[in-house]
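Breakdown of the fold
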Amino acid sequence: MKDAIKLSHLRAALQDISYPVERREAASAFDGVTVLMADGDADLGGLIRDCVTDEFADPMDLYYELHNAMPITALGEPGQSDGDA
């Protein structure tokens, strides 16, 4: 696994582990992997630990949960979503 991944490649990277997976196991698997976001970077294992779900059925479950755990500025500048128009 790469030491750093762009946020746009996160979905593909999450497929590197077996599912279903517990949050603790997923976090350990991705410790040390840096996610490069719009406002900086973060440890993927740490982001997974911040998720509220205890188990993920598939990579998409984890992907969507991670988006809820990331700071809003991680995905781009505030006020740039369709909902703010």
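The sections below set out a description of the structure shown in this document. (Residues numbered from 1 in each chain as written. Predicted model: local features only at pLDDT ≥ 70, side-chain atom pairs only at ≥ 80, totals over all residues. Heavy atoms only, no water.)

1. Side note on the pairing of strand β4 (residues 40-43)
The side chains of a regular strand alternate between the sheet's two faces. As paired strands, strand β3 (residues 34-37) and β4 are joined by 4 bridges and run antiparallel to one another. What sits directly across from V35, in β4, is A42. (Pairing = 2+ DSSP bridges. Helix = DSSP H or I, 4+ residues; strand = E, 2+ residues; numbered from the N terminus.)

2. Overview of the packing of aromatic side chains
Within this structure, the stated rule accounts for 1 aromatic pair. Taken together, a centroid distance of 5.6 Å and an interplanar angle of 65° make the contact between Y63 and Y64 edge-to-face. Above the face of the Y63 ring, R11 is positioned so that its terminal group lies 4.6 Å from the ring centre. (Phe/Tyr/Trp six-rings, centres within 6.5 Å; stacked < 30°, edge-to-face > 60°. Lys NZ or Arg CZ within 6 Å of the ring centre and 35° of its normal.)

3. A few points about helix α4 (residues 59-69)
It helps to recall that an α-helix has 3.6 residues per turn; residues three or four apart then point in one direction. Along α4, the residues classified as buried are L62, Y63, E65 and L66. The secondary structure elements touched by the buried residues of α4 are α1 (10-13), α2 (23-29), α3 (44-49) and β5 (55-56). The N-cap residue of α4 is D58: its side-chain oxygen and the backbone nitrogen of M60 are 3.1 Å apart. (Buried < 20%, exposed > 50% of the residue type's maximum accessible area, 1.4 Å probe, protein only. Contact = heavy atoms within 4.5 Å. Polar contact = N/O pair within 3.5 Å; in protein donor to acceptor, adjacent residues only side chain to side chain.)

4. Here's the deal with the sheet that holds β4
Hydrogen bonds between backbone groups are what pair the strands of a sheet, and the pairing can be parallel or antiparallel. Spatially, β1-β3-β4 is the arrangement adopted by the 3 strands of the open sheet, whose pairing is mixed. Of all strands in the sheet, those with a lone pairing partner are β1 (4-6) and β4, marking the two edges. In this sheet, neighbouring strand axes are inclined to one another by 30° on average, regardless of whether the strands run parallel or antiparallel. (Axes fitted to C-alpha atoms, helices over the stretch in contact; angles between N-to-C directions.)

5. Remarks on the pairing of β3
Residues V35 and M37 point to one face of β3 and are all buried, whereas T34 and L36, pointing to the other face, are not buried. Here 3 bridges tie β1 to β3, and the two strands are oriented parallel to one another. The residue of β3 that forms the bridge with A4 is T34. If you look at the hairpin formed by β3 and β4, you'll find 2 residues sitting between the two strands.

6. Structural notes on the nonpolar core
Membership of the largest hydrophobic core comes to 24 residues, with the highest contact counts inside it found for L10, L14, L44, I48, L62 and L66. Looking at this core, the elements with two or more residues in it are α1, α2, β3, α3 and α4. Excluding anything up to four places from it in sequence, L14 contacts Y19, F30, L44, P59, L62, Y63 and L66. (Core = buried A, V, L, I, M, F, W, Y, C linked by side-chain atoms within 4.5 Å.)

7. Comments concerning the side chain of E65
One can find E65 in helix α4. For the buried E65, which has no salt bridge, the nearest side chain bearing the opposite charge is R23, at an N-O separation of 6.8 Å. Reaching out from E65, the side chain makes a polar contact with the backbone nitrogen of V52 at a distance of 3.1 Å. Aside from chain neighbours lying at most four places away, what touches E65 is C51, V52, T53 and F56. (Lys, Arg positive; Asp, Glu negative; His and termini not counted. Salt bridge = Lys/Arg side-chain N within 4 Å of Asp/Glu carboxyl O.)

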